[in-house]
Amino acid sequence: AWRGFLNAHARVVRRLETELEREQGMPLANYDVLVQLAEAPDQALRMSDLALSVLLSRSGLTRLVDRLEREGLVVRRPCPDDARGTLAVLTPAGMQRLQEAWVTHLRGVREHMVSRFDEQELATLAALLGRLA
């Protein structure tokens, strides 16, 4: 079960990454950061919290956010309740870019994962995986 889970995850993620790169010119890691920010309150997260949610090291996230900031998709702002903290904030251009990429990503999720199961199987899978989260 463990190996099957890891194998399936790796294959689906590789397919999603390939499609996103080919159709949108966007790495999956960039997409993940934009999604995390879009779903966050005020579309902003502390850099340390963002690093945990996307499973990147702090230095890896810093480099990624640097690139997103150069592209105008994210800005950094001081954290209002902690002078040492920094927020990553999604820009309107970042939201627009994310919405463009959603089309490719969601189509891939449906094709490579959701369509492989019926509704009951998806509900069961969601419940089982929910135990791990």
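Predicted, not measured: the structure shown is a model, and the values here were computed from it.

Right, let's get into the overall build of the protein. The helix and strand inventory of the protein stands at six helices and three strands. When its helices and strands are written in sequence order, the protein yields α-α-β-α-α-β-β-α-α. Per-residue burial for the protein yields a buried fraction of 33% across its 133 residues. Here the analysis covers contacts within the protein between residues at least 6 apart in sequence; of these, 50% occur between residues at least 24 apart. Of the roughly 8,700 Å² of accessible surface on the protein, 56% is carried by carbon and sulfur atoms. Averaged over its 18 positive side-chain charges, the protein has a centre that lies 6 Å from the centre of its 18 negative ones.

Its place among the elements puts Thr-91 in the loop between strand 3 (82–90) and helix 5 (92–112). Excluding its chain neighbours within four sequence positions, the residues that come into contact with Thr-91 are Gly-72, Leu-73, Val-74 and Val-75.

This paragraph deals with the sheet that holds strand 2 (residues 74–79). An order of 1-3-2 is seen for the three strands of this open sheet, with the pairing classed as antiparallel. What marks the edges here is a single partner per strand, and that holds for strand 1 (44–46) and strand 2. Neighbour to neighbour, the strand axes of the sheet diverge by 30° on average, direction disregarded. One ladder, built from three bridges, connects strand 1 with strand 3; its direction is antiparallel. Bridge pairing links Arg-46 to Leu-87 in strand 3.

Our focus in this paragraph is the pattern of salt bridges. Summed over all chains, the structure comprises seven salt bridges. Across the pair Arg-97 and Glu-100 runs a salt bridge, and its minimum N-O distance is 3.7 Å. A residue pair is termed a helical-turn pair when its members lie 3 or 4 positions apart in one helix, as Arg-97 and Glu-100 do in helix 5 at three residues. Residue Arg-97 is classed as buried on the basis of its relative accessible area of 19%. A network of salt bridges, in which partner residues are shared, links Arg-22, Glu-23 and Arg-107.

Right, let's talk about unusual backbone geometry for a bit. Despite not being glycine, Asp-42 has its phi angle at roughly 60°, a positive value. Given the relative accessible area of 73%, Asp-42 is considered exposed. One non-glycine residue, Gln-43, lies in positive phi territory at about 50°. Following the sequence through the fold, Gln-43 ends up in the loop between helix 2 (28–39) and strand 1. Relative accessible area serves as the criterion here: at 27%, Gln-43 is assigned to the partly exposed category.

Thresholds applied
- Residues numbered from 1 in each chain as written.
- Predicted model: local features only at pLDDT ≥ 70, side-chain atom pairs only at ≥ 80, totals over all residues.
- Heavy atoms only, no water.
- Helix = DSSP H or I, 4+ residues; strand = E, 2+ residues; numbered from the N terminus.
- Buried < 20%, exposed > 50% of the residue type's maximum accessible area, 1.4 Å probe, protein only.
- Contact = heavy atoms within 4.5 Å.
- Areas by Shrake-Rupley, 256 points an atom, 1.4 Å probe, with all protein chains shown as cover.
- Lys, Arg positive; Asp, Glu negative; His and termini not counted.
- Charge placed at Lys NZ, Arg CZ, Asp CG, Glu CD.
- Pairing = 2+ DSSP bridges.
- Axes fitted to C-alpha atoms, helices over the stretch in contact; angles between N-to-C directions.
- Salt bridge = Lys/Arg side-chain N within 4 Å of Asp/Glu carboxyl O.

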